[in-house]
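# Coordinates in review
Each chain, letter by letter, is given below.
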Amino acid sequence: MHRHEHHHDQTLAELRDALTAGFWDERYGGTDRVWSGRPNQRLVEQTADLTPGTALDVACGEGGDAVWLAKQGWHVTAVDVSEVALAKVAAHAEDEGVGDRTKVGFYDALADPRPAGHHRFDLVTVSFLHVPQPDFATIYRGIAEAVAPGGRLLVTAHHPDDVTTGARHDHGPGLMFEPDRVLGALGADQPDSVWEVEVADTPVREQATPDGPLLVRDTVVRLRRRT
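Residues numbered from 1 in each chain as written. Predicted model: local features only at pLDDT ≥ 70, side-chain atom pairs only at ≥ 80, totals over all residues. Heavy atoms only, no water.

Attention shifts here to the nonpolar core. Core analysis: the largest hydrophobic core is formed by 32 residues, its most contacted members being Val58, Val124, Leu129, Tyr140, Ile143 and Leu153. Elements with a minimum of two residues in this core: β1 (54-58), β4 (121-127), α6 (133-144), β5 (147-158), α8 (179-186) and β8 (214-225). Among the elements that take part in this core, α6 stands out by supplying five residues, more than any other. Apart from the residues within four sequence positions on either side, Val58 is in contact with Val79, Tyr107, Pro115, Val124, Thr125, Val126, Ser127 and Ile143. (Core = buried A, V, L, I, M, F, W, Y, C linked by side-chain atoms within 4.5 Å. Buried < 20%, exposed > 50% of the residue type's maximum accessible area, 1.4 Å probe, protein only. Helix = DSSP H or I, 4+ residues; strand = E, 2+ residues; numbered from the N terminus. Contact = heavy atoms within 4.5 Å.)

This part is about the side chain of Asp218. Relative to the elements of secondary structure, Asp218 occurs in strand β8. In terms of polar contacts, Asp218 uses its side chain to reach the side chain of Arg42, at 2.8 Å. Apart from the residues lying within four places of it in its own chain, the contact partners of Asp218 are Arg42, Phe128, Ala157, His158, His159, Asp201, Thr202, Pro203 and Arg205. (Polar contact = N/O pair within 3.5 Å; in protein donor to acceptor, adjacent residues only side chain to side chain.)

For any two helices packed against each other, one specifies the crossing angle of their axes together with the interaxial distance. It is the contact of helix α2 (residues 21-29) with helix α5 (residues 83-95), at a shortest axis distance of 7 Å, that shows an interaxial angle of 50°. Looking at the two axes, α2 sits oblique to α5. Across the interface between the two elements, Asp25, Tyr28 and Gly29 of α2 pack against Glu83, Val84, Ala85 and Lys88 of α5. Taken together, the residues of the contact of α2 with α5 sort by class into three nonpolar, one polar and three charged. (Axes fitted to C-alpha atoms, helices over the stretch in contact; angles between N-to-C directions. Parallel < 35°, antiparallel > 145°, perpendicular 65-115°, else oblique. Nonpolar A, V, L, I, M, F, W, Y, C, P; charged D, E, K, R; others polar.)

With that out of the way, let us pick up the layout of surface pockets. What the second largest pocket holds in volume is close to 180 Å³. Surrounding the second largest pocket, Thr54, His75, Val76, Thr77, Asp100, Arg101, Thr102, Lys103, Ala116, His119, Arg120 and Phe121 form its lining. Of all the secondary-structure elements, those providing two or more residues to the lining of the second largest pocket are β2 (75-80) and β3 (102-106). When its residues are assigned to classes, the lining of the second largest pocket shows three nonpolar, five polar and four charged. (1 Å grid on protein atoms, 1.4 Å probe; cavity = no way out; pocket = protein on both sides within 12 Å on 5 of 7 lines; lining within 4 Å. Points joined across faces, edges and corners; volume = space filled by probe spheres on them.)

What follows deals with the environment of Asp65. Relative to the assigned elements, Asp65 resides in helix α4 (residues 64-71). Linking Asp65 and Ser127, residues 62 residues apart in sequence, is a C-alpha distance of 8.9 Å. Discounting chain neighbours no more than four positions away, the residues touching Asp65 are Arg38, Pro39, Asn40, Leu43, Asp57 and Ser127.

With that out of the way, let us pick up the pairing of β3. As paired strands, β2 and β3 are joined by five bridges and run parallel to one another. Bridge pairing in β3 places Ala78 opposite Val104. Tracing the backbone out of β2, into α5 and back to the parallel element β3 gives a crossover that is right-handed. (Pairing = 2+ DSSP bridges. Right-handed = clockwise from strand over helix to strand, strands pointing away.)

With that settled, the discussion passes to α8. Among the residues of α8, those classed as buried are Pro179, Val182, Leu183, Ala185 and Leu186. Angularly, the buried residues of α8 cover 165° about the axis, an arc narrow enough to put them on a single face. Of the surrounding elements, those touching the buried residues of α8 are α6, β5, β6 (195-201) and β8. Positive phi appears at Gly187, one or two residues downstream of α8, with a value of about 70°. (Arc of directions from axis to C-beta.)

Take Trp68: it is sitting in helix α4. Along the sequence, Trp68 and Leu129 sit 61 residues apart, while their C-alpha atoms lie 19 Å from each other.

As a further point, take the pattern of salt bridges. Applying the stated criterion to the full structure yields 13 salt bridges. Across the pair Glu45 and Arg42 runs a salt bridge whose closest N-O atoms are separated by 3.2 Å. Pair noted here: Glu45 and Arg42 are both in helix α3 (residues 41-46), with a separation of three residues, about one helical turn. For Glu45, a relative accessible area of 38% puts it in the partly exposed group. We note a salt bridge from Asp112 to Arg114, for which the minimum N-O separation is 3.1 Å. What makes Asp112 partly exposed here is its relative accessible area of 29%. Among the charged side chains, a network of salt bridges with common partners joins Arg42, Glu45, Arg205 and Asp218. (Salt bridge = Lys/Arg side-chain N within 4 Å of Asp/Glu carboxyl O.)

Just geometry here; none of it tells us what the structure is for.
Laid out in structure tokens, this is it:
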């Protein structure tokens, strides 16, 4: 869900295959750790002014964000399509002493875009979930349903500018996106929207690579549900 390894423009079927349990179980089962285990920088920045409550981490991977949130006092539900990843999340949470504040659950975005049924959360965060453009609105609307009245939705993604600069390879048209796509899919750009736009930004950060530091651009959207 977070990135892809092939260097050609993938078909819609290939892009959807990269959202499946088989794809990610193989990826997470092939190494002790795929990601750093550290929280996403944008998550840390965007939750600094929020009072801890209940949180849902969608497409949580190995749980770096979920465990960090739990250590800040949030009661976190972490969901992903990979049971291998979820086992790593649970183990990481126990190792960090926050197993009692961290639950895990299965989420297949293509089968049911709602990550938590009818449950609602004070914070729903989704980091680097890049889905095929034809599926984008359905999946992100499903995720947004999990935000409680007064709660926040935080979306972080790779910005299309990174393809232009060569920082990333675009594996299919529209896979990376700007804030406007999130706002449009959720109707947050409409005057009568249930969403208050708190952040819609494209900040730059420095990313470490084997060849040295690289400047990359993120899409960051934080919305507050009014009702």
